[in-house]
Amino acid sequence: MVGVEKQDGYNLRVVLIKDQKDAKKALVEVGTDQPGSRWMAPKAVHRVIRIKNLNSKAAVILKQEMLSRGGEAALSRGVGNFSVEETDCLLMGTLRQYDELRKKLKMQPFGLRRLADEIKEVLDNYDKKEIRTLRCRNLSLTLGERTLVMGILNVTPDSFSDGGKFYDPEIAIEHAHEMVDEGADIIDLGGESTRPVTWNEEPLSAAEEIQRIIPVLERLVREIKVPISIDTYKAETARAALEAGAHIINDIWGFQRDPKIASVAAEYDVPVILMHNKDGTEYQDLMGELLAFLRRSVEIALEAGVKPDQVILDPGIGFGKDVNQNRIVMRCLRELRSLGKPILLGTSRKSMIGKTLDLPADQRLEGSLATVVWGIAQGAADIVRVHDVKETVRAVRMTDAIVCSL
């Protein structure tokens, strides 16, 4: 045809492969049959795993076995001459290489058999994206089909984000109804300021916290048809709220400030949200320490009797981290999938946004939406906790539609 030129070259492109689902789709598109796509998909997905405190003798065996399968293992320089007893390790390989590695490690000493099981667990967790149901007493929530939106309701006189705007119970209840009408799937009710609380700071008494939240909670339980979570780290407050009909416990200290709260949550068999927190901002390994904290929080919950499928994790943006550390956690959010639990992301109006954009709390909508969209795109936000429900619901629905089309 006139005006149409023949295309030269091979029209190369780098294909986005995030997981085996993407790999199988790409293989089928080039004409590979189903058995072939199932066999080759693990070869198309590359993962890097960091291991802490590995015995040097085990590390040497691990490196040799990984190299023999075409992968790589980076170790401390002192491992070769055994001048160090332990080392961190960075494993690099495809899912196929890890599968072959694990089979060999099962026959090795120095704790490598247990390491093989942990490698399998962390890889399975990282790639697992399942639909699950949270049992919220007389209500339920489905996770995995779409991103859920949690609306923030602070009945405090000193909230950092709204300046005590909803301290009056009548205004708070009206606002909760408004958020539900705008699409909130959960209402998160808090009676103590959400500004970071340090170990040394005098906390609000449980009695005063209960006095603030119970009048609002009792009405909300009767009047709205979505689960209500209680933002508290105190066992006494949690029990009073659950007695009044609350459905979820949201603990900003991940059951590590008042461990008795774990038993209360287990007694009522409610979902729990466990957040990373810290007094201070000193870290040797930010993401490693964050994940270790959350692993310990999960252990506390399970030891108390909380069901494994009722646990949600929160990286704690804005708590125990400076601005740059918050950005690092945001960039590495997907690493939290290694823990195999649903993730709640709470970035709304946080100081990270304010300091980045040089804006006050009431002008951080666009920045908040950007963090929400990023979290969903990373596959690391099953629930987002926000102040601006209407705008967030729209952004979430659009992002979900894009992510689900991949």
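Residues numbered from 1 in each chain as written. Predicted model: local features only at pLDDT ≥ 70, side-chain atom pairs only at ≥ 80, totals over all residues. Heavy atoms only, no water.

Trainee: Break down the pattern of salt bridges for me, citing the residues and quoting the values.
Mentor: Enumeration over the complete set of coordinates arrives at 31 salt bridges. One salt bridge connects Arg-47 with Asp-127, and the closest N-O pair in it is separated by 2.6 Å. Remark: Asp-127 occurs in helix α5 (residues 112-127) and Arg-47 occurs in strand β1 (residues 46-55); sequence separation between them is 80 residues. Residue classification places Arg-47 among the buried positions, given a relative accessible area of 10%. (Salt bridge = Lys/Arg side-chain N within 4 Å of Asp/Glu carboxyl O. Helix = DSSP H or I, 4+ residues; strand = E, 2+ residues; numbered from the N terminus. Buried < 20%, exposed > 50% of the residue type's maximum accessible area, 1.4 Å probe, protein only.)

Trainee: A description of the side chain of Ser-56 should follow, citing residues and the corresponding values.
Mentor: Structurally, the position occupied by Ser-56 is in helix α3 (residues 56-68). You can call Ser-56 buried: its relative accessible area is 3%.

Trainee: So, the packing of aromatic side chains: which residues are in play, and what are the values?
Mentor: A complete count under the given rule lists zero aromatic pairs for this structure. In this arrangement the basic side chain of Arg-96 is found over the ring face of Trp-39, its NZ or CZ atom lying 3.9 Å from the centre. Arg-337 extends its terminal NZ or CZ atom over the ring of Tyr-126, reaching a point 5.9 Å from the ring centre. (Phe/Tyr/Trp six-rings, centres within 6.5 Å; stacked < 30°, edge-to-face > 60°. Lys NZ or Arg CZ within 6 Å of the ring centre and 35° of its normal.)

Trainee: Just give me the short version of the environment of Gly-144, but keep the residues and values in it.
Mentor: Inspection of the secondary structure puts Gly-144 in the loop between β5 (139-143) and β6 (148-154). Residue class for Gly-144 comes out partly exposed when judged on its relative accessible area of 32%. In the structure, Gly-144 is positioned twelve residues away from Arg-132 in sequence and 6.6 Å away in space, judged by C-alpha atoms.

Trainee: Tell me what's going on with unusual backbone geometry, and back it up with residues and numbers.
Mentor: Negative phi characterises most residues that are not glycine, and trans characterises most peptide bonds. Phi at Asp-269 is positive, roughly 50 degrees, even though this residue is not glycine. Looking at the secondary structure, you find Asp-269 in the loop between α9 (260-268) and β10 (272-275). Positive phi is not limited to glycine here, since Asp-358 has a value of about 55 degrees. Among the structural elements, Asp-358 can be located in the loop between α12 (351-357) and α13 (365-377).

Trainee: If you had to explain the side chain of Asn-277 to someone new, which residues and values would you point to?
Mentor: For Asn-277, the position within the fold is in the loop between β10 and α10 (286-304). Classification of Asn-277 as buried rests on a relative accessible area of 2%. Within the structure, the side chain of Asn-277 is placed 3.1 Å from the backbone oxygen of Ile-252, a separation counted as a polar contact. The contact partners of Asn-277, leaving out residues within four places of it in the chain, are Ile-252, Trp-253, Phe-293, Phe-319 and Gly-320. (Polar contact = N/O pair within 3.5 Å; in protein donor to acceptor, adjacent residues only side chain to side chain. Contact = heavy atoms within 4.5 Å.)

Trainee: Break down the environment of Glu-145 for me, citing the residues and quoting the values.
Mentor: Tracing the backbone through its elements, the reader meets Glu-145 in the loop between β5 and β6. Each C-alpha atom of the pair Glu-145 and Arg-135 lies 16 Å from the other, and the pair is ten residues apart in sequence.

Trainee: Account for α13, naming residues and giving values.
Mentor: If you check α13, its first and last C-alpha atoms are 18 Å apart, about what 13 residues at 1.5 Å a residue would give, namely 18 Å. Among all positions in α13, only Gly-367, Ser-368, Leu-369, Thr-371, Val-372, Gly-375 and Ile-376 are buried. Looking at the packing, one finds that the buried side of α13 touches α11 (323-331), β12 (344-345), α12, β13 (383-386) and α14 (389-404). Just beyond α13, the residue with positive phi is Gly-379, at close to 70 degrees. (Expected span 1.5 Å × (residues − 1).)

Trainee: Can you break down the sheet that holds β1 residue by residue, with the values?
Mentor: One open sheet accounts for three strands, arranged β1-β3-β2; its pairing is antiparallel. Where the open sheet ends on each side, the last strands, each with one partner, are β1 and β2 (72-75). Going across the sheet, the axis of each strand differs from the next one's by a mean of 20 degrees, ignoring polarity. Note: β1 against strand β3 (residues 86-94), eight bridges, orientation antiparallel. (Pairing = 2+ DSSP bridges. Axes fitted to C-alpha atoms, helices over the stretch in contact; angles between N-to-C directions.)

Trainee: Account for the packing of helix α7 (residues 206-223) against helix α8 (residues 235-243), naming residues and giving values.
Mentor: Relative to each other, α7 and α8 sit at 20 degrees, their axes nearing to 9 Å. On the basis of the axis angle, α7 is roughly parallel to α8. When you trace α7 past α8, the crossing you get is right-handed. Together, Ala-206, Glu-209, Ile-210, Ile-213, Ile-214 and Leu-217 of α7 and Glu-236, Thr-237, Ala-240 and Ala-241 of α8 make up the contact between the two elements. Across the contact of α7 with α8, the residue classes break down as seven nonpolar, one polar and two charged. (Parallel < 35°, antiparallel > 145°, perpendicular 65-115°, else oblique. Left-handed = near helix turned anticlockwise from the far one by under 90°. Nonpolar A, V, L, I, M, F, W, Y, C, P; charged D, E, K, R; others polar.)

All we've got here are geometric facts, nothing functional implied.
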